[in-house]
Amino acid sequence: DVQMTQSPSSLSASVGDRVTITCRASQSISNYLNWYQQKPGKAPKLLINAASSLQSGVPSRFSGSGSGTDFTLTISSLQPEDFATYFCQQSWSTPKTFGQGTKVEIK
Amino acid sequence: QVQLQESGPGLVKPSQTLSLTCTVSGDSFSSGEYYWIWIRQPPGKGLQWIGHIHFSGATYYNPSLKSRLTISVDTSRNQFSLKLTSVTAADTAVYYCAREAMVPAASFDYWGQGTLVTVSS
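In this report, the structure presented in the accompanying data block is examined.

The rules behind these values
Residues numbered from 1 in each chain as written. Chains lettered and ligands numbered in written order. Predicted model: local features only at pLDDT ≥ 70, side-chain atom pairs only at ≥ 80, totals over all residues. Heavy atoms only, no water. Helix = DSSP H or I, 4+ residues; strand = E, 2+ residues; numbered from the N terminus. Rg over C-alpha atoms; globule rule 2.2 N^0.38 Å. Buried < 20%, exposed > 50% of the residue type's maximum accessible area, 1.4 Å probe, protein only. Lys, Arg positive; Asp, Glu negative; His and termini not counted. Charge placed at Lys NZ, Arg CZ, Asp CG, Glu CD. Pairing = 2+ DSSP bridges. Axes fitted to C-alpha atoms, helices over the stretch in contact; angles between N-to-C directions.

1. Here we look at the overall build of chain A
- Counting secondary structure elements, chain A contains 0 helices and 11 strands.
- The secondary structure elements of chain A, listed N-terminal to C-terminal, are β-β-β-β-β-β-β-β-β-β-β.
- A globule of 107 residues ought to have a C-alpha radius of gyration of about 13 Å, and chain A, at 13 Å, matches this closely.
- Considering only C-alpha atoms, chain A reaches an extent of 35 × 25 × 25 Å along its principal axes.

2. Things to note about the overall build of chain B
- In terms of regular secondary structure, chain B is built from 0 helices and 11 strands.
- For the C-alpha atoms alone, the extent of chain B along its principal axes is close to 40 × 30 × 25 Å.
- For chain B, the residues scored as buried account for 47% of the 121 residues in total.
- Put simply, chain B has 8 plus and 7 minus side-chain charges, and the middle of one group is 14 Å from the middle of the other.

3. Remarks on the sheet that holds strand β8 (residues 79–84) of chain B
All names here are of chain B.
- The sheet built from 4 strands is open, its strands ordered β1-β3-β8-β7 with antiparallel pairing. Strand pairing shows two members of the sheet lacking a second neighbour, β1 (3–7) and β7 (69–74), which therefore form its edges. With direction set aside, neighbouring strand axes in the sheet form an average angle of 20°.
- When β1 meets strand β3 (residues 18–25), the two strands line up antiparallel, connected through 5 bridges. Opposite Gln3, over in β3, you have Ser25 as the bridge partner.

4. Considerations on the sheet that holds strand β3 (residues 19–25) of chain A
Residue and element names in this part refer to chain A.
- The antiparallel open sheet is built from 4 strands, whose spatial order is β1-β3-β8-β7. Only two strands of the sheet have a single partner each, and these edge strands are β1 (4–7) and β7 (62–67). Between one strand and the next, the sheet's axes are offset by a mean angle of 15°, whatever the strand orientation.
- For β3 and strand β8 (residues 70–75), the ladder comprises 6 bridges, and the chain directions are antiparallel. The partner of Thr22 across the bridge, within β8, is Thr72.

Structure (structure tokens):
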């Protein structure tokens, strides 16, 4: 299985801050990397697929980059509705695997 | 617009079988472009991909669950189902069904709301 490691596990930030979350794969996965946002009690929501393609309706303050084994999710200016947990997920090989999540909390 | 809805018992006794069904609304269920997925999330923990099924009936299971798992499809009802046998407390989780779009890079673009299944006597 491809292991996905996210860092940090949690972070505290203020509204307006720039936030960066990293995700590392245990082997090269090309650009087969997706990012999800999950709020408490809700299903995850797809934000970005293929490493950098923003889903329709997702604000442009979200962006993704990377290829191979190293990927980043950036929120350019954190908004109150962005406080949530973020997961990366590889779709290079089956079984599909997720990172352990990064919880973004209010500072 | 695609909608998915999980249904099934919220409480299962240890050693018994967990059974869930996902009902899909919208016109994509019999499209060859998608897989239909089960994912679970133990309370306070991360996400685990359980397995997928294509409308043709082709399946792939997570090897860690394969010996206990069956996923099936009923195209006449736009439903797919999960059966997990010999459950233990470790199978307690919120179970989600989802759609996997195969292109451009397979991703889970629509999800059900999730259903909590507790394994307890």
